[in-house]
Amino acid sequence: MTCTIAGLFPGQGGIAVGDAKVILEASEYTRFLFEKASQYCNTDLVELSTHGPEKTLLLSRTVQPVIVALSLGLLYEFRAHKGELSVVVGHSLGEISALAASGVISDDKALVYAIERGIRMDEAASTCGGGGMRAVVFTPLENVRNLIAELFETYPIYLANVNAPEHCVVSGTHESLAVFAKLLKERGLGKCQPVRVRGPWHTPLMIQARQSYARWVEHETFAAPRIPLILNENGSVLTDAHEIKQSHINQLVNPVQWQACMTTLIELNPLMLVEFGPGRMLTGLARVNGFKRGSVVVSGATVSSIIVALNNT
């Protein structure tokens, strides 16, 4: 089976102050989404994303609607130029953008979901004493699992993202992450660097967020997707609205199985992959997960890059 274009939607770790400026100037719809989200969260997200302060931007309750608005704004421009997607997948927060891209929820609802999810994640992080995430590269997954098992009884640390064969993310308290990074370096097991987030995402430490978000989402309506949608929880394509909702809720406390998502996507054999949003993390991960030179992988981080991508189809 061959699909034509796959849409990839990034999570919250890859944005900085100023990244939204060019898109906001070029896309009226993106600015509309920002203004809607600003009303919902009572914060001027245009001002915050273009001028900061970064400390406030990186709060989940603000950065999550910003990224979803950027992603869906870019997707709108892509479709306005006659582009269409055949399959979608989002990384972590990006799953909300993917839900909207596949027709499970509306763009407007996606902004609300991002805000509600972000509020609950910030609250849970505060309750559990905070924490963060570290990306681990050039290290076999087995080595990471073994080190986590060695530390876990004393230090709460978890595998949060399995992104590629030798690229994963660990998540936990600040103390546990510091100990993990120290041992990883001392033993020559690989490289470890902080991810720009403010909590121990995708771990059981987020159980409060999952419970609260589940109660809120319970009353929301999910539709069946109009195009194939790959979910983070196990990297599978789901079509049942109830199953999609439960998988999306569970993602808050379970690892993002991105490598499995990419394996599923490879089986669908897309001719092109387009990343809708700031940064190039997902296009890079696509390459290391098996999309080599024969595959067209495009970072659609601006409206102009979206047009270039379409000209290459």
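Just so we're clear, the structure is a prediction, and the values are computed from it rather than from any experiment.

A. Main features of the packing of helix 5 (residues 60-80) against helix 6 (residues 94-101). Here helix 5 crosses helix 6 at 35°, and the two axes come no closer than 9 Å. For the crossing formed where helix 5 meets helix 6, the hand is right-handed. Of the residues in helix 6, those in contact with Val 68, Ser 71, Leu 72, Leu 75 and Arg 79 of helix 5 are Ile 96, Ser 97, Ala 100 and Ala 101.

B. Quick look at the nonpolar core. Judged by nonpolar contacts, the single largest core of 74 residues is most densely connected at Phe 34, Leu 85, Ile 96, Ile 105, Phe 222 and Phe 276. Looking at this core, the element that brings in the most residues is helix 5, giving 10 residues. In this view, Phe 222 contacts Leu 99, Val 104, Ile 105, Tyr 113, Val 217, Ala 241, Ile 244, Lys 245 and His 248; residues no more than four positions away in its chain are not counted. Core analysis: the next-biggest nonpolar cluster, separate from the first, contains 18 residues, Ala 6, Val 256, Cys 261 and Leu 265 among them.

C. Molecular detail of the packing of aromatic side chains. Applying the stated criterion across every chain, the model contains 8 aromatic pairs. Between Tyr 113 and Phe 222, the aromatic rings sit 5.9 Å apart at their centres with planes inclined by 40°, giving tilted as the arrangement. In this pair, Tyr 113 sits in helix 7 (residues 107-127) while Phe 222 sits in the loop between helix 10 (207-217) and strand 7 (229-230), placing the two residues 109 residues apart along the sequence. The two residues Tyr 113 and Phe 222 agree in class, both being buried.

D. Structural view of the side chain of Ser 38. Within the fold, Ser 38 resides in helix 2 (residues 28-41). On the accessibility criterion, Ser 38 (13% relative accessible area) is buried. Setting aside residues no more than four positions away along its own chain, Ser 38 makes contact with Thr 43, Asp 44, Leu 45 and Val 46.

E. Quick look at helix 2. Between the first and last C-alpha of helix 2 there are 20 Å, a value that for 14 residues agrees with the 20 Å anticipated at 1.5 Å per step. Among all positions of helix 2, only Tyr 29, Thr 30, Leu 33, Phe 34, Ala 37, Ser 38 and Cys 41 are buried. Where helix 2 is buried, its residues contact helix 1 (21-26), helix 3 (45-51), helix 5 and helix 7. Immediately downstream of helix 2, the backbone of Asn 42 shows phi near 55°, a positive value.

F. Representation of the sheet that holds strand 5 (residues 167-172) within the structure. A sheet is described by the order of its strands in space; here 4 strands give the open sequence 4-5-3-6, paired in antiparallel fashion. A single partner strand is all that each edge strand has here, and the edge strands are strand 4 (157-164) and strand 6 (191-194). Each neighbouring strand pair of the sheet contributes to a mean axis angle of 25°, computed without reference to strand direction. The pairing of strand 4 with strand 5 spans 6 bridges and is antiparallel. Paired with Tyr 158 across the bridge in strand 5 is Ser 171. Strands in contact with helix 8 (residues 141-151) are strand 3 (132-137), strand 4 and strand 5; relative to strand 4, the strand with the most contacts, it is inclined by about 175°.

The rules behind these values
- Residues numbered from 1 in each chain as written.
- Predicted model: local features only at pLDDT ≥ 70, side-chain atom pairs only at ≥ 80, totals over all residues.
- Heavy atoms only, no water.
- Axes fitted to C-alpha atoms, helices over the stretch in contact; angles between N-to-C directions.
- Helix = DSSP H or I, 4+ residues; strand = E, 2+ residues; numbered from the N terminus.
- Left-handed = near helix turned anticlockwise from the far one by under 90°.
- Contact = heavy atoms within 4.5 Å.
- Core = buried A, V, L, I, M, F, W, Y, C linked by side-chain atoms within 4.5 Å.
- Buried < 20%, exposed > 50% of the residue type's maximum accessible area, 1.4 Å probe, protein only.
- Phe/Tyr/Trp six-rings, centres within 6.5 Å; stacked < 30°, edge-to-face > 60°.
- Expected span 1.5 Å × (residues − 1).
- Pairing = 2+ DSSP bridges.

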